[in-house]
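Structural description and commentary
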Amino acid sequence: MAMSDKAVVLNAGVVNFDKRIDYSKIASNVVIYDETPEDKIIERVSGCTVVVTKEMTLSGDIIKKFPASVKMICESGTGFNNIDLKAATEKKIVVCNIPDYSSKRVAQTAIMFILNLASSMQKQISMLTNGNHDNFQKHLMVDHVEVNNKVLGVFGFGHVAKQIIQIAQAMDMKVIVATRTKRDDFNGIHFTTNEEVLKNSDFISLNVPLNNATKHMINEQALKLMKKSAFIVNTARGGLIDEPALIDALQNGEIAGAGLDVQEVEPLPDDSPLYNMDNVIITPHMGWKGLETRERLVTMIGENITAFVEGNTINQVN
């Protein structure tokens, strides 16, 4: 008997925030909820084969209570640190992600940060907002540097990292990379240690998953290794950075600035100093939120489900 493809989307509102995304095509039978409180999860997944979520916490306790009908969880994104993989594996539930739907757009966000930080755009815009035209009427009052010949240090070498490197090399940046796997240099990319990337980079881009090994990899010690003139860019997961340590380093001039599309707690609390720092550019985890990016995401969710139901599972992470 063929497996049913009945799917439930538990928090479609995260992706379909502007009502321009159609989830109905992902399977022949789809139930869609904009959001699902924790106490409604079990009831809503009942009778479904596939559960679709986006960055929503599925703890071991909840997965253990999933009915036998559930055979697959599809995380609508790259990172799956929100799902208890061990519990899913014990229940013989396949967990899949969507690894490469937003790589170009996320890379463009990282490059946007690099170019804006290099030209003090945050300071320039706030001066204009405050009616200060000194940059026009006196001389340029802010730092403005070339990115060519600057060193871009990248943590990770997945889809997004490779896109960032491609654009950085087109801008004649020198690229050094730290990865878990030891690699030989190629294509003008120098592979080295975490410590060397921290010490030698003018810009650092974080492009690794969040897990026990990477949580707070950018901490007080790491920030102290960075050049005072260096900028850090994070388009991956907020938890890679120890945020209070970063704020201290930024306030004390230990590093030059930061571009953060992700924060440790999202949404970032209203009282966070990051909102008001003139050496920080902060955006609301928007790297994946482009319209075309989200349309591609939903198409790929459908491809994951079809492949699974047909017995040719793709993008399995557990």
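Given the structure is predicted, the values throughout are model-derived calculations rather than measurements.

Some remarks on the packing of aromatic side chains
Both the distance between ring centres and the angle between the ring planes are used here to describe each pair of aromatic rings. Following the criterion strictly, the structure yields four aromatic pairs and no others. On the numbers, 6.1 Å between centres and 85° between planes, the contact of Phe-157 with Phe-186 is edge-to-face. A residue pair is termed long-range when its members are at least 10 positions apart, and Phe-157 in the loop between strand 6 (151-155) and helix 7 (159-170) and Phe-186 in the loop between strand 7 (174-178) and strand 8 (189-192) qualify at 29 residues. Owing to a relative accessible area of 11%, Phe-157 belongs among the buried residues under this scheme. Ring centres of Phe-157 and Phe-191 lie 5.1 Å apart, and the angle between their planes is 85°; on these two criteria the pair is classed as edge-to-face. With Phe-157 in the loop between strand 6 and helix 7 and Phe-191 in strand 8, this pair connects stretches of sequence that are 34 residues apart. With respect to burial, Phe-157 and Phe-191 carry one shared label: buried. Chaining the aromatic ring pairs together yields one cluster made of Phe-157, Phe-186 and Phe-191. Stacked on the ring of Tyr-33, the Lys or Arg Arg-44 has its end atom at 3.9 Å from the ring centre.

Re the side chain of Thr-36
Here Thr-36 shows up in the loop between strand 2 (30-32) and helix 1 (41-45). Within the structure, Thr-36 has its side chain in polar contact with the backbone oxygen of Leu-10 (distance 2.6 Å). Side chain to side chain, Thr-36 and Arg-44 meet in a polar contact 2.9 Å long. With residues near it in sequence (within four places) discarded, Thr-36 still touches Leu-10, Ile-41, Arg-44 and Met-56.

Things to note about the nonpolar core
Core analysis: the largest hydrophobic core is formed by 30 residues, its most contacted members being Ile-232 and Leu-246. At five residues, helix 10 (residues 243-251) tops the list of elements feeding residues into this core. Apart from residues lying up to four places away in sequence, Leu-246 is in contact with Leu-223, Ile-232, Ile-241, Ile-255, Ala-258 and Leu-260. Formed by 26 residues, the second largest nonpolar core is a distinct cluster that contains Ala-110, Ile-111, Val-147 and Val-160.

Topic: the UniProt feature "domain: D-isomer specific 2-hydroxyacid dehydrogenase NAD-binding" (unreviewed entry) in the protein chain
Feature annotation in UniProt places "domain: D-isomer specific 2-hydroxyacid dehydrogenase NAD-binding" (unreviewed entry) on residues 112-287, given in this structure's numbering. For the annotated span residues 112-287, helix accounts for 31% and strand for 16% of the residues, and the straight-line distance between the end C-alpha atoms is 11 Å.

Section: the pattern of salt bridges
Inspection of every chain in the model, using the stated rule, returns twelve salt bridges. Measuring nitrogen to oxygen at the nearest pair gives 3.4 Å for the salt bridge that ties Glu-55 to Lys-54. The partner of Lys-224 in a salt bridge is Glu-220, with the nearest N and O atoms 3.5 Å apart. Within this pair, Lys-224 and its partner Glu-220 are both found in helix 9 (residues 220-225), separated by four residues, close to a single helical turn. Judged by relative accessible area, Glu-220 falls into the partly exposed class, the value being 47%.

Observations concerning the UniProt feature "domain: D-isomer specific 2-hydroxyacid dehydrogenase catalytic" (unreviewed entry) in the protein chain
Residues annotated in UniProt with the feature "domain: D-isomer specific 2-hydroxyacid dehydrogenase catalytic" (unreviewed entry) correspond here to residues 29-318. Between the C-alpha atoms that bound residues 29-318 there is a distance of 25 Å. The span itself is 34% helix and 15% strand.

Points about the sheet that holds strand 8
Reading across the sheet, the seven strands line up as 8-7-6-9-10-11-12 and stay open at both edges, with parallel pairing between neighbours. Each end of this open sheet is capped by a strand with a single partner; those strands are strand 8 and strand 12 (280-282). Ignoring strand direction, the axes of neighbouring strands in this sheet form an average angle of 20°. The pairing of strand 9 (residues 203-206) with strand 10 (residues 231-234) spans four bridges and is parallel.

Structural notes on the environment of Glu-55
For Glu-55, the position within the fold is in the loop between strand 3 (50-53) and helix 2 (60-64). At 3.4 Å, the side chain of Glu-55 and the side chain of Lys-54 are in polar contact.

Looking at the side chain of Asn-82
Counting through the fold element by element, Asn-82 comes out in the loop between strand 4 (72-75) and helix 3 (85-90). Residues within four places of Asn-82 in sequence aside, it is in contact with Glu-55, Met-56, Thr-57, Leu-58 and Glu-75.

Quick notes on helix 4 (residues 103-118)
Taking 1.5 Å per residue, 16 residues should reach 22 Å; helix 4 reaches 23 Å between its end C-alpha atoms and fits that length. Along helix 4, the residues classified as buried are Ser-103, Val-106, Ala-107, Thr-109, Ala-110, Ile-111, Phe-113, Ile-114, Leu-117 and Ala-118. Phi turns positive, to about 50°, at Ser-120, one or two residues after helix 4.

Basis of the calculations
- Residues numbered from 1 in each chain as written.
- Predicted model: local features only at pLDDT ≥ 70, side-chain atom pairs only at ≥ 80, totals over all residues.
- Heavy atoms only, no water.
- Phe/Tyr/Trp six-rings, centres within 6.5 Å; stacked < 30°, edge-to-face > 60°.
- Helix = DSSP H or I, 4+ residues; strand = E, 2+ residues; numbered from the N terminus.
- Buried < 20%, exposed > 50% of the residue type's maximum accessible area, 1.4 Å probe, protein only.
- Lys NZ or Arg CZ within 6 Å of the ring centre and 35° of its normal.
- Polar contact = N/O pair within 3.5 Å; in protein donor to acceptor, adjacent residues only side chain to side chain.
- Contact = heavy atoms within 4.5 Å.
- Core = buried A, V, L, I, M, F, W, Y, C linked by side-chain atoms within 4.5 Å.
- UniProt positions renumbered as here; feature names shortened; annotations may be inferred.
- Salt bridge = Lys/Arg side-chain N within 4 Å of Asp/Glu carboxyl O.
- Pairing = 2+ DSSP bridges.
- Axes fitted to C-alpha atoms, helices over the stretch in contact; angles between N-to-C directions.
- Expected span 1.5 Å × (residues − 1).

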